[in-house]
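Residues per chain are reported as follows:
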Amino acid sequence: MLGRLFLNYGKKICAHSKSRHVNFIGDIRFLNFASSIVNTRNNMSASRRLKDLIVLVDMDGVLAEFEGYFLEQYKQKWPGEPFVSLEERRTFYLYDQYPDCRDKVQDVLNEPGFFRKLPPIEGAVDAVKEMSTMNGVQVFICTTPMIKNYQYSVVEKYEWIEEHMGRYWLDRMILTCDKTVIKGDILIDDKHFISGAEKRPSWKHILFTSCHNHDVPLKGRKRLDGWVPHKAWIDLLEDAKEDLQRKH
């Protein structure tokens with residue numbers, strides 16, 4: 001509406017420019033000012049339309065089957081040693097339930113190839129790839145490497161992504177020891193307590209169900225019980241997109 005009004009006004013200005021030189025200069029200034037208002041409004045509107053939902057997806061325990069694979073390798077490496085079954089797992093950190101076997105746990109995690117060989121969680125790869133094709137959604141893999149064996153875990157996480165998801169996803173990898181400082185709208189993570197330098201992260205935490213967090217109170221968070229059936233995660237994303245648009 002404003003655009004058509006200014007266009008018609010401009011035509012009139014051009015038609016009378018020779019007889020109205022002084023006013024013409026003023027009219028041009030007015031048109032430039034009015035045009036800037038229209039452009040600003042259009043840019044603001046486009047910004048609101050193009051605001052994407054940024055989804056951060058954890059890796060170990062969300063994309064890759066960490067718990068089951070660790071237990072399998074632990075029992076193979078240390079046969080006869082006591083172990084904690086998946087049904088008995090209650091803490092995020094393995095060491096908390098292996099207080100007398102910390103070195104044995106670390107030996108398993110430090111084994112070259114451990115992180116590269118983690119099997120994908122059922123439906124995870126297909127779900128994240130499908131998620132990335134949704135209109136208005138940007139997906140990034142946000143994972144924390146193991147500092148004690150960074151020489152393996154960092155490289156192997158990239159190798160895992162390339163093998164199971166493709167080279168495209170290597171550019172969408174975020175490795176960090178503090179997820180609170182990473183900008184996003186939602187974080188899908190199996191760790192039930194996520195703390196760091198930023199006390200109020202930009203993202204909302206969706207707790208991905210794992211053997212160690214079944215009984216954890218949600219405290220206002222939402223829970224994702226798995227990638228199959230896929231309607232569950234789609235509903236969560238659609239709700240998040242609606243919340244984002246309401247804010248903007």
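Structure: see above.
Residues numbered from 1 in each chain as written. Predicted model: local features only at pLDDT ≥ 70, side-chain atom pairs only at ≥ 80, totals over all residues. Heavy atoms only, no water.

Chemist: Is there a simple way to think about helix α6 (residues 150–165) in this case?
Modeler: Compared with the 22 Å implied by 1.5 Å per residue over 16 residues, the 22 Å span of α6 between its first and last C-alpha is a close match. If you check which residues of α6 are buried, you get Ser153, Glu156, Lys157, Trp160, Ile161 and Met165. The secondary structure elements touched by the buried residues of α6 are α5 (124–132), β2 (137–143) and β3 (173–175). (Helix = DSSP H or I, 4+ residues; strand = E, 2+ residues; numbered from the N terminus. Expected span 1.5 Å × (residues − 1). Buried < 20%, exposed > 50% of the residue type's maximum accessible area, 1.4 Å probe, protein only. Contact = heavy atoms within 4.5 Å.)

Chemist: Would you mind going over the packing of aromatic side chains with me for this structure?
Modeler: The geometry of an aromatic ring pair is captured by two quantities: the separation of the ring centres and the angle between the planes. Inspection of the entire model under this criterion finds 13 aromatic pairs. Ring centres 5.3 Å apart and planes at 45° place the aromatic pair Tyr69 and Phe114 in the tilted group. Placement of the pair is Tyr69 in helix α3 (residues 66–77) and Phe114 in the loop between α4 (102–109) and α5, with a sequence separation of 45 residues. Here Trp227 and Trp233 contribute two aromatic rings whose centre-to-centre distance is 6.5 Å and whose plane-to-plane angle is 70°, an arrangement assigned as edge-to-face. For Trp233, a relative accessible area of 0% corresponds to the buried category. Three or more aromatic residues link up through ring pairs in this structure, and these residues are Phe66, Tyr69, Phe114 and Phe115. Across from the ring centre of Phe83, 4.7 Å away, lies the NZ or CZ of Lys75, which sits over that ring. Against the face of Tyr95 rests Lys148, its NZ or CZ located 5.5 Å from the ring centre. (Phe/Tyr/Trp six-rings, centres within 6.5 Å; stacked < 30°, edge-to-face > 60°. Lys NZ or Arg CZ within 6 Å of the ring centre and 35° of its normal.)

Chemist: What's the story with the pairing of β2 in this structure? I'm lost.
Modeler: For a regular strand, side chains alternate in direction, first toward one face of the sheet and then toward the other. Across the 7 residues that make up β2, a large majority, 5, are buried. Pairing of strand β1 (residues 53–57) with β2 involves 5 bridges; the strand directions are parallel. For Leu53, the partnering residue across the bridge sits in β2 and is Val137. In this sheet, β3 lies alongside β2 in parallel orientation, the contact comprising 3 bridges. (Pairing = 2+ DSSP bridges.)

Chemist: Explain the packing of α5 against helix α7 (residues 231–247) to me, please; I cannot follow it from the model alone.
Modeler: Across the interface, α5 lies against α7 with an axial gap of 11 Å and an inter-helix angle of 30°. Taken as a pair, α5 and α7 cross one another with a handedness that is right-handed. Contacts between α5 and α7 involve Ala127, Glu130 and Met131 on the former and, on the latter, Trp233, Ile234 and Leu237. The residue makeup of the contact of α5 with α7, split by class, is 5 nonpolar, no polar and 1 charged. (Axes fitted to C-alpha atoms, helices over the stretch in contact; angles between N-to-C directions. Left-handed = near helix turned anticlockwise from the far one by under 90°. Nonpolar A, V, L, I, M, F, W, Y, C, P; charged D, E, K, R; others polar.)

Chemist: Is there a simple way to think about the pattern of salt bridges in this case?
Modeler: Two side chains bearing opposite charge may form a pair once their charged atoms approach each other closely. A full pass over the atoms with the stated rule returns 13 salt bridges. We note a salt bridge from Lys157 to Asp60, for which the minimum N-O separation is 2.7 Å. Here Lys157, found in helix α6, pairs with Asp60, found in the loop between β1 and α3; they are 97 residues apart in sequence, far enough to count as distant. On the basis of relative accessible area, Lys157 is assigned to the buried category, the value being 1%. A relative accessible area of 15% means that Asp60 is categorised as buried. Two residues, Arg167 and Glu162, come together in a salt bridge whose shortest N-O distance is 2.6 Å. Owing to a relative accessible area of 33%, Glu162 belongs among the partly exposed residues under this scheme. When salt bridges that share partners are traced, they join Asp58, Lys179 and Asp189 into one network. (Salt bridge = Lys/Arg side-chain N within 4 Å of Asp/Glu carboxyl O.)

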